[in-house]
Amino acid sequence: MSGKRVAIYPGSFDPITYGHLDLIERAARQFEELAVAVLEHDSKEGAFPLSERLAMIRESVSHLDNVRVASFDGLLVDFARQEDARLILRGIRAVSDYEYELQMALMNRKLEPDIETVFMLPSETYSYLSSRLVKEVCRHGGRIDEFVPPHVAVRLRSMLGPGARNS
Ligand code: PNS
């Protein structure tokens, strides 16, 4: 073990939003190293292929020296062990997130008792924000610039906006 406090921030990131980014920036100040980990094969049908989700995150976190971006498949705890990370970071926006997060954290603890899940709160400015809602707003031609970085907004509009190939 390297002795560094490495935390893993896993998710679908389909796509990354300002809510995710807010949490990443907060976590980057607390942990020596943060690995943003994108699930490769999600049971939920994703709008963006893995390569695009990774590219959008990489561009969004390029100003943060101690943040890297990776993908994983299979169990999160196996990936965490492989990365020498003992912390899993998740964001909780509202009480409605809590039940799902509790189940995941306890299952992960059962699978790997040495790995802890830590929860952080994103800024309340983003407590209503989710990738799913941003995609929905974009599909119907609504403004998304307040919710995602400019390069993500461009990709979202070309992928899902009115008149786009997948809209
Ligand atoms: O952004 P999401 O979709 O809420 O992230 C969910 C994610 C990727 C963290 C979760 O589905 C996951 O960890 N999947 C990997 C499979 C796994 O380890 N499952 C057991 C934990 S309950």
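See above for the structure.
I will try to describe carefully the structure that is included in this document. (Residues numbered from 1 in each chain as written. Predicted model: local features only at pLDDT ≥ 70, side-chain atom pairs only at ≥ 80, totals over all residues. Heavy atoms only, no water.)

This part is about the overall build of the protein. Along the protein, the regular secondary structure elements total six helices and five strands. Each helix and strand of the protein, placed in order from N terminus to C terminus, yields the pattern β-α-β-α-β-α-β-α-β-α-α. The globule rule puts the C-alpha radius of gyration for 167 residues at 15 Å, and the 16 Å found for the protein is close to it. Viewed in the frame of its principal axes, the protein has a C-alpha envelope of about 50 × 35 × 30 Å. (Helix = DSSP H or I, 4+ residues; strand = E, 2+ residues; numbered from the N terminus. Rg over C-alpha atoms; globule rule 2.2 N^0.38 Å.)

Turning our eyes to something else, we now look at the pattern of salt bridges. Under the counting rule described, the total for this entry stands at 14 salt bridges. Across the salt bridge formed by glutamate 112 and arginine 81, the nearest N and O atoms sit 2.6 Å from each other. Of this pair, glutamate 112 sits in the loop between helix H4 (95-111) and strand E5 (116-120) while arginine 81 sits in helix H3 (residues 76-82), and the two are 31 residues apart along the sequence. Arginine 81 gets classed as partly exposed once you look at its relative accessible area, which sits at 45%. Between arginine 157 and aspartate 145 there is a salt bridge whose closest N-O contact spans 2.8 Å. With arginine 157 in helix H6 (residues 150-160) and aspartate 145 in the loop between helix H5 (131-139) and H6, this residue pair connects regions lying 12 residues apart in the sequence. Connected through shared salt-bridge partners, Asp14, Arg53 and Lys135 make up one network. (Salt bridge = Lys/Arg side-chain N within 4 Å of Asp/Glu carboxyl O. Buried < 20%, exposed > 50% of the residue type's maximum accessible area, 1.4 Å probe, protein only.)

Around the ligand, a shell composed of 14 residues is seen, among which Ser12, Lys44, Leu76, Arg90 and Asn108 lie nearest. Note that an oxygen atom of the ligand is positioned 2.8 Å from one of the backbone N or O atoms of leucine 76. Within the side chain of arginine 90, an N or O atom sits 2.9 Å from an oxygen atom of the ligand. In the complex, the protein chains occlude 77% of the 550 Å² of accessible area that the ligand would expose alone. Within the residue set of the shell around the ligand, elements represented by two or more residues are strand E1 (6-11) and H4. Among the elements that take part in the shell around the ligand, H4 stands out by supplying four residues, more than any other. Its residues placed into classes, the shell around the ligand shows eight nonpolar, four polar and two charged. (Near = heavy atom within 4 Å. Polar contact = N/O pair within 3.5 Å; in protein donor to acceptor, adjacent residues only side chain to side chain. Areas by Shrake-Rupley, 256 points an atom, 1.4 Å probe, with all protein chains shown as cover. Nonpolar A, V, L, I, M, F, W, Y, C, P; charged D, E, K, R; others polar.)

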